[in-house]
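# Descriptive structure summary
This is what each chain is made of:
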Amino acid sequence: MFYSTVVDASYIQRNYKQISIIGKGRDFVHGIPSVIQLVEGEHNQKFALQIYENLNLETYQIKVHQLQTSMCERVTSFNSRIRLLGRREINEKTNDLYVLYDFDNLAPFKPTVEGEEQAIELLIQLANNILLQGRFTYEYLDVQPQNLFMNGNDLVITNFGLSYAGTKFERIYVPSSDPIFKQKSLVNIMYAYAFQAGLLVLQCMTGLDVKLLFFDDGQFHSQLASQLLALIKENKEEESEEKFIEKKRYKLEKFNKQLSIQYQKLPKNKRKQEPFDPKVLYQAQFLKYLSDLLATDNIQRRATFSQLVMCPDNLLDAALPIFDSENYKDKFKMEYNYYGQINKVDQVLSKDDIEPTGSGVIVYHDNSKDFTQFSGEFENGSPSLQGSKYVNQGNRKLYIIDEKKETQVLFQISAGDVEDSEQSYAFLGKVDAEYTPVNGKLLAVIPIDNKKPKKYTSVFYEGTFIKGQKEKGLEYFKDKNVFDGEYKDNKPKKGKMTYGQNHLFEGEFEGFRRKEGKLLIGDQEFKGEFEKDQIKHGTLIYGDGSIYNGNFKNGVRDGLGVYLYPGGRLKYHGTFKNNKMDGEADLLIVDANETKEQIQVTYQMGILKDEIPESFKEEFIKIQELKQKKKPPPIEKQQKNEDEIEEDINSNPGNQDDESQHYDMEDEDLEDGGLEG
């Protein structure tokens, strides 16, 4: 399925506060670096925010597909849950990718185990991770200790790719000779992961720095690893304890001599002087599995890894082995496909034995089911509410993340070409029984390609809904406009639209077009009616105190109108054409709204054609003097206002019919109507 659940990264930036930097990582498959931050959301919840910077379009699309699959279709109880994906567009070919993970109540993982039982349990969890998650998504593949955390007693595997030793590109947990460095095929990824898992478990069993088991060129020291495995093996029953201890002493001396050489390659602060002396011993069979995972001469031995927890083998005798219904489709027919953990059975598997328990994915064949797929945790053979549910309701295709939470994360994926559809969205909040938004945040979903967004592309809306339609709330747009008010048919109806600093409209809308209200740009204000989003009739107050009341056409003064000059004593009452005084008119001198003197004059495109009395000439001179007294704004502020106005002019030709477009006043309606009109 090709879909997008990516939102605009500005939503994440606005709603999640950075606390600290967790570290820097590197993607195991693609090798792309990332920075991981600890951030805080609502109710002091902690999240991890991973940012991949400057991804080309191809890599961005691949990563989005992998991460979406993990977030919506391959949910497990032992992976850090992905909550949101965000895109920050750098240009048409480059993006930053934001990945938001749950991170509440997580503590660092301590690389130690106490005995074979814990070592086996750790290896089982690492096997579950690749078999239930990594092999399908190519994510969560870097299992160095710093990428593991604990939630109480439960292991949580993250997707950070952190690497503390050396540079961020160091791959000390995989031999430099591994085929994954030549070809990133699934088989090679499985082999590399199996090695990492085996090495991590061995580190936890022995407490040794794994760097000691590598040569300077990154090759694995297989001989030293074999000696280490031999030292921690339990005594065979047929061998006397005395003979066993003697052999062990000899092997320890030989091993510690080689180890001391390896220690000299470490930084001084990591060189341990005491020799290795194992305190816990392990059964030969378990060590044989580790030996297979660490094989470098015959790498196919690592294929044992999948058999450790998979039915029917389940070599580690896992309490919840992984079952794949595809392997049994010829044996018995099931009403659903299931891949995941089940309750262990001692007898041969049959249809009645299959009870999903733990993590898995179930897909129903029966279209009458209220959902077709569930990925997450199962209880008593049935899907729990902790996971991702896929719902097919006619043309509505939904992913619901963790239904049991009061605030849900829901993605609607429209049928058909979802990349061109405006019906896709993400929603965080309360929904009704039909998964229709009631109260919360509605986030726009960004197509997986870099199509240029339309004007008034929403970033997110926060407010109330009626039957899934926006009712009243606050909405942020891609072009940085913000609307606060009431809606009709999911479009603004009445409220305030802020376009920038000192630039806003408050009143009634028809869609995104202004209908009637008050528009402010800088120190100028218009109040009245609009047509096709342009001023049509009303009062325009200029920054110098002059006022025009009358008609407009194409955003400029046109038709009958009254213009009151700065100072409030001289008034023009007549017609305008293309923003200029034009035709016969009355020119008045007024005082306290009382007419003191009145003459008839004729203007031609802003030029006065008649001789006027001295009293009127004196009024024009006073107006010019008044203008001279007014100090101009600082150059920086003046330039900013001019740039904002110029941006309005260039983007608003004034003859558009598309309701999704928005046009402001043109430069002519910002003129002050001076001496020449």
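Here the structure is shown first, and the text comes after it.
This write-up is about the structure you can find in this document.

Calculation rules
Residues numbered from 1 in each chain as written. Predicted model: local features only at pLDDT ≥ 70, side-chain atom pairs only at ≥ 80, totals over all residues. Heavy atoms only, no water. Pairing = 2+ DSSP bridges. Helix = DSSP H or I, 4+ residues; strand = E, 2+ residues; numbered from the N terminus. Buried < 20%, exposed > 50% of the residue type's maximum accessible area, 1.4 Å probe, protein only. Polar contact = N/O pair within 3.5 Å; in protein donor to acceptor, adjacent residues only side chain to side chain. Contact = heavy atoms within 4.5 Å. Axes fitted to C-alpha atoms, helices over the stretch in contact; angles between N-to-C directions. Parallel < 35°, antiparallel > 145°, perpendicular 65-115°, else oblique. Left-handed = near helix turned anticlockwise from the far one by under 90°. Nonpolar A, V, L, I, M, F, W, Y, C, P; charged D, E, K, R; others polar. Expected span 1.5 Å × (residues − 1). Arc of directions from axis to C-beta. Core = buried A, V, L, I, M, F, W, Y, C linked by side-chain atoms within 4.5 Å. Salt bridge = Lys/Arg side-chain N within 4 Å of Asp/Glu carboxyl O.

Two strands pair when backbone bridges link them, and strand β22 (residues 491-500) and strand β23 (residues 503-510) are joined in this way by six bridges, in the antiparallel orientation. Bridged to K496 within β23 is E506. The turn joining β22 and β23, which pair antiparallel and follow one another in sequence, is formed by two residues; a positive phi near 55° is taken by N502. Note that β23 and strand β24 (residues 513-521) share eight bridges and pair antiparallel. Of the residues in β24, the one forming a bridge with L504 is L520. The hairpin turn running from β23 into β24, its antiparallel successor, is two residues long, and G511 in that turn takes a positive phi close to 65°.

Here the focus is the side chain of K441. Mapped onto the elements of the fold, K441 is located in strand β18 (residues 437-446). Among the residues examined, K441 registers a relative accessible area of 7% and is labelled buried. Among the polar contacts listed, one links the side chain of K441 to the side chain of N15, at a separation of 3.1 Å. Apart from the residues within four sequence positions on either side, K441 is in contact with Y11, N15, E42, A426, F427, L428, Y461 and E462.

On to the packing of helix α2 (residues 57-72) against helix α3 (residues 116-137). Where α2 contacts α3, the axes come no closer than 9 Å and their chain directions differ by 155°. As summarised for this structure, α2 and α3 are arranged roughly antiparallel, according to the angle between their axes. Judged by the sense of rotation from one axis to the other, the crossing of α2 with α3 is right-handed. Only Q133, F136 and T137 of α3 make contact with α2, whose side of the interface consists of Q66, T69 and S70. Of the residues contributing to the contact of α2 with α3, the split by class is one nonpolar, five polar and no charged.

Moving on, we get to the sheet that holds strand β7 (residues 107-108). Taken together, the three strands give an open sheet; going across it, the order is β7-β8-β9, and neighbouring strands pair in antiparallel fashion. Two strands in the sheet have a free side with no partner beyond their single neighbour: β7 and β9 (154-157).

So, on to helix α9 (residues 614-629). For α9, built from 16 residues, the straight-helix expectation of 22 Å at 1.5 Å per residue is met to within 8% by its first-to-last C-alpha distance of 23 Å. Every buried residue belonging to α9 is among F616, E619, F620 and I623, and all of these are buried. Buried residues in α9, looked at end-on, bunch into an arc of 95°, giving them a common side. Turned more than 90 degrees from where α9 packs its buried face, E614, Q628 and K629 sit exposed. Tucked inside the fold, the buried residues of α9 contact β29 (570-577), β30 (580-591) and β31 (594-604).

With that out of the way, let us pick up the nonpolar core. Ranked by size, the top nonpolar core spans 71 residues in total, and within it L123, M205, F286 and F305 carry the most contacts. Secondary structure elements with two or more residues in this core: α3, β8 (148-151), β9, α4 (186-206), α5 (222-231), α6 (241-263) and α7 (284-293). For F305, the contacting residues outside a window of four places in its chain are L123, L126, A127, I130, Y193, A194, A197 and L293.

For the rest of this paragraph, the subject is the pattern of salt bridges. Pairing between side chains becomes possible if they bear opposite charge and their charged atoms approach one another. Summed over all chains, the structure comprises 24 salt bridges. Salt-bridge contacts for E89 lead to R87; the nearest nitrogen and oxygen are separated by 3.3 Å. Taking relative accessible area as the criterion, R87 reaches 3% and is therefore assigned buried. Among the charged side chains, a salt-bridge network with shared partners connects K288, D292, D297 and R301.

For the pair α3 and α4, interaxial distance at closest approach is 10 Å and the crossing angle is 160°. Here α3 lies roughly antiparallel to α4, going by the angle between them. At the point where α3 passes α4, the crossing takes the right-handed sense. Listed contacts from α4 to A119, L122, L123, L126, N129, I130, L131 and R135 of α3 are L186, M190, Y193, A197, L200, V201, C204 and M205. Of the residues assigned to the contact of α3 with α4, the class counts are 14 nonpolar, one polar and one charged.

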